[in-house]
Amino acid sequence: QVQLVETGGGLVQAEGSLRLSCAASERTFSSYAMGWFRQAPGKEREFVAAISGSGGITYYAGSVKGRFTISRDNAQNTVYLQMNSLKPEDSAVYYCAARIGPQSVDYRVYTYWGQGTQVTVSS
């Protein structure tokens with residue numbers, strides 16, 4: 001059982017930045033592809049970014065490409081999401097997720113999920 005804990009959410013003004021972290025309990029962390037997803041009230045959960053176990057492959061949603069960066073530190077069992085140039089429409093609960101296998105944009109294939117962290121961007 002992998003436990004994931006997200007931190008780093010909060011309230012920020014538009015065009016500001018936040019860095020989310022997701023710490024994993026799993027010692028074989030590099031075996032897991034990781035993803036970030038978000039869900040706003042009344043909306044479906046949507047893909048934000050994903051990264052392979054080695055960190056060599058990354059995927060981004062079109063809406064965040066060029067503004068967000070996913071990275072990981074396998075020695076620290078942590079994945080990050082650096083969010084720059086934030087917009088009000090980025091406001092949501094952000095979740096990290098883990099799976100054995102390749103990174104994916106589909107939330108349904110991820111096995112383990114964190115509790116989520118709220119990001120609110122004011123205009």
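Right above here is the structure, for reference.
The notes below deal with the structure included here. From a predicted model like this one, the values you see are computed outputs, not experimental measurements. Each chain carries its own residue numbering, running from 1 in the written order of its sequence. A pLDDT threshold of at least 70 governs which residues receive local features in this predicted model, and a stricter bar of 80 or more applies before side-chain atom pairs are shown or counted, although totals over entire chains, interfaces and linings include all residues. Excluding hydrogens and water, the side-chain figures rest on all heavy atoms present in the structure.

With that settled, consider the packing of aromatic side chains. Any Phe, Tyr or Trp ring, taking Trp's six-membered ring, that has another such ring centre within 6.5 Å forms a pair; planes under 30 degrees apart are called stacked, those over 60 apart edge-to-face, and the others tilted. Inspection of the entire model under this criterion finds six aromatic pairs. Seen in terms of ring centroids, Y32 and Y112 are 6.3 Å apart; in terms of plane orientation they differ by 65 degrees. Their pairing is edge-to-face. Within this pair, whereas Y32 is found in strand β4 (residues 32-39), its partner Y112 is found in strand β10 (residues 112-113), the two being separated by 80 residues in sequence. With respect to burial, Y32 and Y112 carry one shared label: buried. Relative to W113, the ring of Y110 lies with its centre 6.3 Å away and its plane at 65 degrees, an arrangement referred to as edge-to-face. For R45, the ring lying beneath its charged end belongs to Y95, and the centroid distance is 4.1 Å. Only lysine NZ and arginine CZ atoms are considered, and such an atom sits over a ring when it is within 6 Å of the ring centre and within 35 degrees of the ring normal. Here R72 stacks its cationic end above the ring of F29, 4.3 Å away from the centre of that ring. Secondary structure elements are defined from DSSP: runs of H or I of at least 4 residues count as helices, runs of E of at least 2 residues count as strands, and each element is numbered from the N terminus. For every residue, the accessible area (1.4 Å probe, protein chains only) is compared with the maximum for its type, and the residue is labelled buried under 20%, exposed over 50%, or partly exposed between those bounds.

Here a patch means residues that are over 30% exposed by relative accessible area and free of salt bridges, tied together within 9 Å if like-charged and within 5 Å if nonpolar (Val, Leu, Ile, Met, Phe, Trp, Tyr). Surface exposure here means Shrake-Rupley accessible area, sampled with a 1.4 Å probe, where a residue is shielded only by the protein chains that are shown. Throughout this description, the term salt bridge denotes a Lys or Arg side-chain nitrogen within 4 Å of a carboxyl oxygen of Asp or Glu. On the surface, I57, Y59 and V105 cluster together into a nonpolar patch covering about 250 Å² of accessible area. Note on placement: V105 falls in the loop between β9 (92-100) and β10. Judged by relative accessible area, V105 falls into the partly exposed class, the value being 47%.

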